[in-house]
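Listed here are the chains, written in short residue letters.
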Amino acid sequence: MKRYILLVFVAMLSGCFSPTPHFYQTVSINNNNSINTKFNKTILINQIIVPSEVSRLQITTLGKNDYEVKIDEFNRWSTQVDKMLQKVINENLSSLLPNAIIENQTTFRKNFDYAVLVEITEFTGRLDDVATLKSSYFIKNKKGITIKSGKFDKSINFEGKYDSYIEALSVLINDLSVEIAKKL
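Now for a description of the structure that goes with this document. (Residues numbered from 1 in each chain as written. Predicted model: local features only at pLDDT ≥ 70, side-chain atom pairs only at ≥ 80, totals over all residues. Heavy atoms only, no water.)

**Regarding the sheet that holds strand β8 (residues 146-157)**
Part 1: In spatial order, the strands read β5-β2-β6-β7-β8; together these five strands make up an open sheet with mixed pairing. Each edge of the sheet is formed by a strand with only one pairing partner; in this case those strands are β5 (101-104) and β8. Across the sheet, the axes of successive neighbouring strands diverge by a mean angle of 25°, strand direction being ignored.
Part 2: Of the pairings in the sheet, the one linking strand β7 (residues 130-140) to β8 comprises eleven bridges and is antiparallel in character. Within β8, the residue paired with Ser-135 across the bridge is Phe-152.
Part 3: Sheet strands touched by helix α2 (residues 81-96): β2 (42-49), β5 and β6 (114-126). Its angle to β2, the strand with the most contacts, is close to 150°. (Pairing = 2+ DSSP bridges. Helix = DSSP H or I, 4+ residues; strand = E, 2+ residues; numbered from the N terminus. Axes fitted to C-alpha atoms, helices over the stretch in contact; angles between N-to-C directions. Contact = heavy atoms within 4.5 Å.)

Structure (structure tokens):
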């Protein structure tokens, strides 16, 4: 009986010493550098498409080799990655195009001049090394016809763990937003 109580006590203690999870989000980088103050159209930010390995709440990074993916149970995104990126791109474009109306796509039909679709193919990196963002983006008119498109492929070297990694990813999302704003 004593052995059983001791086992239960040890099991309870081991749960008390598990690491505390940390939650992160990318942020808009408001540098007050507008691209075009004369642009006053309405832009709809469509759903952001992300790879399945990134769409989870656990933050994924690369291991020592590119074929190794690490899924961290204790470092997590604060919300769905696609919604988080949609919000950040919206905030960035609002800063870069201060007279434009930027709205996220919802289930309600909205009156808009342009719609922006972003398909992210790579949103990853290696801790204490590099963060990478690769994506394609499409700017469509009211009729749904793609009028402009582009590819974005950039990496940033950084030193540090998750705080530095998320900061580097935020810079990359900002740079993508600048490229989209220039095409509008």
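**Notes on the nonpolar core**
Across soluble globular proteins, you tend to see nonpolar side chains buried next to one another.
Part 1: Formed by 42 residues in total, the largest nonpolar core has its most connected members in Ile-43, Leu-85, Val-118 and Phe-123.
Part 2: Of all elements in the fold, only β2, α2, β6, β7, β8 and α3 (162-183) reach the threshold of two or more residues within this core.
Part 3: If you tally residues by element for this core, the top one is α3, at eleven residues.
Part 4: If sequence neighbours within four positions are ignored, Phe-123 has contacts with Thr-26, Val-54, Trp-77, Val-81, Leu-85, Thr-132, Leu-133, Tyr-165, Leu-169 and Ile-173. (Core = buried A, V, L, I, M, F, W, Y, C linked by side-chain atoms within 4.5 Å. Buried < 20%, exposed > 50% of the residue type's maximum accessible area, 1.4 Å probe, protein only.)

**Observations concerning the sheet that holds strand β1 (residues 22-24)**
Part 1: Strand order in the open sheet formed by three strands is β1-β4-β3, and the pairing between neighbours is mixed. Edge strands, defined here as strands with exactly one partner in the open sheet, are β1 and β3 (58-62). On average, adjacent strands in this sheet sit at an angle of 60° to one another, irrespective of strand direction.
Part 2: Here five bridges tie β3 to strand β4 (residues 69-77), and the two strands are oriented antiparallel to one another.

**Description of the environment of Tyr-162**
Part 1: Looking at where Tyr-162 falls in the secondary structure, it is placed in helix α3.
Part 2: Taking C-alpha positions, Tyr-162 is 9.4 Å from His-22, a pair spaced 140 residues apart along the chain.
Part 3: Residues in contact with Tyr-162, not counting those within four places in the same chain, are Tyr-24, Ile-59, Thr-61, Asp-72, Asn-75 and Leu-127.
Part 4: At 2.8 Å, the side chain of Tyr-162 and the side chain of Asp-72 are in polar contact. (Polar contact = N/O pair within 3.5 Å; in protein donor to acceptor, adjacent residues only side chain to side chain.)

**Comments concerning the packing of α2 against α3**
Part 1: Interhelical geometry of α2 versus α3 gives an angle of 55° and a closest axis separation of 9 Å. Put simply, α2 runs oblique to α3. For the pair α2 and α3, the crossing hand works out as right-handed. Mapping the contact onto sequence places Leu-85, Val-88, Ile-89, Asn-92, Leu-93 and Leu-96 in α2 and Ile-173, Asn-174, Leu-176, Ser-177, Val-178, Ile-180 and Ala-181 in α3. (Parallel < 35°, antiparallel > 145°, perpendicular 65-115°, else oblique. Left-handed = near helix turned anticlockwise from the far one by under 90°.)

**Some thoughts on the side chain of Asp-175**
Part 1: With respect to the helices, strands and loops of the structure, Asp-175 is situated in helix α3.
Part 2: Its relative accessible area of 18% is what places Asp-175 among the buried residues.
Part 3: Each residue touching Asp-175, except ones within four places of it in the same chain, is listed here: Phe-152 and Lys-154.

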